[in-house]
Amino acid sequence: MKKLLILTFILIVMITLTNPVFSNEKKASDNEMKIPINPASMISVQGKIQAVMTTVQSPVSGQMNTPVAFIKIKIFDKNSNKEHFVQLAPGNFLRLQGLFLKKNDQIKIKGFTAQGSSELKSLILEKDGRIINLRDKFGDGLWNKSELLKERAGFNKNTNR
């Protein structure tokens, strides 16, 4: 019996010492380790949508566990007379925001280009006077942080999924 008590005590001490909750080490938050988007890489585009496309992206480690259907558009910028391909957000996130896009819709986009890519990633989209934020200042999608999206997908506080 004494051996069992000693082993239990040792096990509790080991768990306590290895558990980060009881550790004095402070971990940097994700945002402290990230670099905000460079303002020089920001681009504003305004014009008519030429095409609306859906592309399926593979899961990103730590963010999603299933492939996601992203909405991309092709837009002709009336200010620069250039055509741009723009990655917006997952289709279900846009639908939850009440945003439906189609060819010839007039929109404004503020976005950035990722290093090594010519495609824009939209931070902010404006349509019919509505402004919708799609990404944070680090370029991370707000759909990953959307409580409404998680709730509708079945990830609520009462489940452990």
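The structure this text deals with has already been given above.
Residues numbered from 1 in each chain as written. Predicted model: local features only at pLDDT ≥ 70, side-chain atom pairs only at ≥ 80, totals over all residues. Heavy atoms only, no water.

Q: Explain the overall build of the protein chain to me, please; I cannot follow it from the model alone.
A: A tally of helices and strands in the protein chain yields four helices and six strands. Order of helices (α) and strands (β) in the protein chain, N terminus to C terminus: α-α-β-β-β-α-β-β-β-α. Taking all 161 residues of the protein chain together, 29% fall into the buried category. Pairs at least 24 residues apart make up 50% of the contacts formed inside the protein chain by residues separated by at least 6 positions. Within the structure as shown, the protein chain displays about 11,500 Å² of accessible surface, and the carbon and sulfur contribution to it stands at 55%. (Helix = DSSP H or I, 4+ residues; strand = E, 2+ residues; numbered from the N terminus. Buried < 20%, exposed > 50% of the residue type's maximum accessible area, 1.4 Å probe, protein only. Contact = heavy atoms within 4.5 Å. Areas by Shrake-Rupley, 256 points an atom, 1.4 Å probe, with all protein chains shown as cover.)

Q: Got a minute to help me understand the pattern of salt bridges in this structure?
A: Proximity of charged atoms lets side chains of opposite charge pair with each other. According to the stated counting rule, one finds five salt bridges in the structure shown. Taking the shortest distance from any N to any O, the salt bridge between Lys72 and Glu119 comes out at 3.0 Å. Separated by 47 residues along the polypeptide, Lys72 in strand S2 (residues 68-77) and Glu119 in the loop between strand S4 (106-113) and strand S5 (120-127) bring together distant segments of the chain. Taken individually, Lys72 and Glu119 each receive the classification buried, so the pair is uniform in this respect. Here Asp105 ties to Lys127 by a salt bridge, and the two come within 3.3 Å at their closest N and O atoms. Taken together, the residues Asp105 in the loop between helix H3 (91-96) and S4 and Lys127 in strand S5 connect sequence positions 22 residues apart. We classify Asp105 as buried; its relative accessible area is 9%. Residues joined by salt bridges that share partners form a network here, namely Lys102, Asp105, Lys127 and Asp128. (Salt bridge = Lys/Arg side-chain N within 4 Å of Asp/Glu carboxyl O.)

Q: Looking at this structure, how should I read the side chain of Ser122?
A: Among the secondary structure elements, Ser122 is positioned in strand S5. Ser122 gets classed as buried once you look at its relative accessible area, which sits at 0%. Within polar-contact distance, the side chain of Ser122 engages the backbone oxygen of Ile124 at 3.4 Å. (Polar contact = N/O pair within 3.5 Å; in protein donor to acceptor, adjacent residues only side chain to side chain.)

Q: How should I be thinking about the nonpolar core in this particular structure?
A: Soluble globular proteins tend to bury their nonpolar side chains together. Ile73, Leu88, Leu101, Ile107, Leu125 and Leu134 are the most contacted members of the largest nonpolar core, which has 21 residues in total. Within the residue set of this core, elements represented by two or more residues are strand S1 (42-57), S2, strand S3 (82-90), H3, S4 and S5. The element contributing the most residues to this core is S2, with five residues. Sequence-distant contacts of Leu134, that is, excluding residues within four places in its chain, are made with Leu88, Ala89, Phe93, Leu94, Ser122, Leu123, Leu125, Asp140, Gly141, Leu142 and Trp143. (Core = buried A, V, L, I, M, F, W, Y, C linked by side-chain atoms within 4.5 Å.)

Function cannot be inferred from these measures alone, as they are strictly geometric.
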